[in-house]
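# A closer look at the structure
Listed here are the chains, written in short residue letters.
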Amino acid sequence: MKRRLSIGLAVVLLAAVVAVVVWGRPDDAEGGAGGELTTVRGVIGSEKLAFFSDRRVVDAFARHGLEVEVDTAGSRQIATSVDLGRYEFAFPSSAPAAQRIQRDRKITAARTPFQSPMAVATFEPIVKLLEAAGVVTKGAGDYQVLDVAKYLEVTRAGTRWDQLPGNTAYPARKNVLVTTTNPAESNSAAMYLSIVSFVANGNAVVGTPEQEAAVLPDVARLFRDQGYTQNSSEGPFEDYLAAGMGKTPLALVYESQYLDRVLRADGSIRPDMRLLYLAPTVYSKHTLVPLSDRGDQVGELLATDPELAELAATFGFRTSDPRVFADVVGDRAPTDLVDAVEPPSFETLERLLDAVAP
């Protein structure tokens, strides 16, 4: 009797397991036949890797039947040297790089699902010093800005920190400079070059060889006088977080990098840390260029899917619908930055980058 009961229970359990497996399949991934996912490969800027690697993002794509696999490269590399024949979409971090890809591959389609303005991560004592020197001022909203024209005056004079009047908080014997990445490799440095060249050109986008030659003396020293520069925007930002004011008093960052840490609330942004916006600034427009129909599907989802938009905002990215960003970020960042300019054309920017690269 006991043996018959055990066999009966085993049969019931086996039937239950089979039912769970069979009935559970349709929920594994919507849009995939029998729960199978379609793999789509892309190449992206490294600052988006955390977003694409996040389990919530992976699951959101899976619900549309997609498994998105990505490799990382610099935006300049994506536009010029990466073998795009291996991928179904290219997702650089700047509009000029995307335009170069579109032109070279005769593609008209592109989507910009999110973007991030360039900013400067710093510390409260540094802010006070630069306020006294007239370099930091009040922005158009309830935020502070680093006035790029005033900053260029300071750098043109070769001013050291210990030469700022009344400086007892940071009397370092090194030049007042924003720490950037390597202009030969990194999109963030290219965006910074777009900003400083605009101001050095009399508040106009550099567009001719004569203008390029005229601004180079001012802008080249901003990179040359730094010495060694890192290849990824994560480098200076991690130095800022870990080593503090002594090593990195001013770090060029994407706003999204700073907000990502603020939103995580993991303690990495300490009470004395501050984010300054650049005046003017440039929006780094993360632009996806589809190289196949499936790549275009990824771009469409990023641009239109509410779940993916909200997830992008949790990583500090400004979405195509400003309300999504505002709902997630709240009063941690201004909703609009009015003092924003456009970068030069890809060709002009390339020549400037080559000229200032170490």
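A brief report on the enclosed structure follows. Just so it is clear, the model here is predicted, and its values are computed rather than measured.

Each value, and the rule that gives it
Residues numbered from 1 in each chain as written. Predicted model: local features only at pLDDT ≥ 70, side-chain atom pairs only at ≥ 80, totals over all residues. Heavy atoms only, no water. Core = buried A, V, L, I, M, F, W, Y, C linked by side-chain atoms within 4.5 Å. Buried < 20%, exposed > 50% of the residue type's maximum accessible area, 1.4 Å probe, protein only. Helix = DSSP H or I, 4+ residues; strand = E, 2+ residues; numbered from the N terminus. Contact = heavy atoms within 4.5 Å. Polar contact = N/O pair within 3.5 Å; in protein donor to acceptor, adjacent residues only side chain to side chain. Phe/Tyr/Trp six-rings, centres within 6.5 Å; stacked < 30°, edge-to-face > 60°. Salt bridge = Lys/Arg side-chain N within 4 Å of Asp/Glu carboxyl O. Pairing = 2+ DSSP bridges.

Attention now goes to the nonpolar core. In terms of nonpolar packing, the biggest core is built from 67 residues, with L130, W161, L193 and Y240 touching the most fellow members. For this core, the element with the highest residue contribution is helix α8 (residues 187–200), accounting for 9 residues. Excluding its chain neighbours within four sequence positions, the residues that come into contact with W161 are I126, L129, L130, N167, Y170, A172, K174, N175, V176, L177, P249 and L250. A60, L66, V68 and F315 belong to the second largest nonpolar core, which has 21 residues in total.

With respect to the helices and strands, T229 occurs in the loop between α9 (209–224) and α10 (234–243). Residues T229 and A189, spaced 40 residues apart in sequence, show a C-alpha to C-alpha distance of 10.0 Å. Not counting chain neighbours up to four residues away, the residues in contact with T229 comprise T180, T181, N182 and P183.

This brings us to the side chain of S188. Relative to the helices and strands, S188 resides in helix α8. Of the polar contacts made by the side chain of S188, one reaches the side chain of S186; its length is 3.0 Å. For S188, the contacting residues outside a window of four places in its chain are M118, T181, S233, L252 and Y254.

Time to look at the packing of aromatic side chains. The tally for this structure, following the rule as stated, stands at 13 aromatic pairs. On the basis of an interplanar angle of 15° and a centroid distance of 6.1 Å, the ring pair of F237 and Y240 is categorised as stacked. Note that F237 and Y240 are positioned in helix α10 at a spacing of 3 residues, about one turn of the helix. A single burial state applies to F237 and to Y240, both of which are buried.

Another point: the pattern of salt bridges. In total, this model carries 28 salt bridges according to the counting rule given. E350 is paired through a salt bridge with R76; the nearest N and O atoms lie 2.6 Å apart. Separated by 274 residues along the polypeptide, E350 in helix α15 (residues 346–356) and R76 in helix α4 (residues 75–80) bring together distant segments of the chain. By relative accessible area, E350 is classed as buried at 16%. Taking the relative accessible area as the measure of exposure, R76 reaches 15% and is therefore buried. Note that D218 and R221 form a salt bridge whose closest N and O atoms lie 3.0 Å from each other. Here D218 and its partner R221 are both found in helix α9, 3 residues apart, which amounts to about one turn of the helix. Overall, D218 belongs to the buried group, its relative accessible area being 15%.

Where a strand is regular, its side chains alternate between the two sheet faces. Burial runs high along strand β8 (residues 273–279): 6 of the 7 residues are buried. Of the strand pairs in this sheet, strand β4 (residues 111–123) and β8 are connected by 5 bridges, and their pairing is antiparallel. Opposite F123, over in β8, you have M273 as the bridge partner. Relative to β8, strand β6 (residues 144–147) runs parallel, the two being bridged by 3 bridges. Bridge pairing links D147 to A279 in β8.

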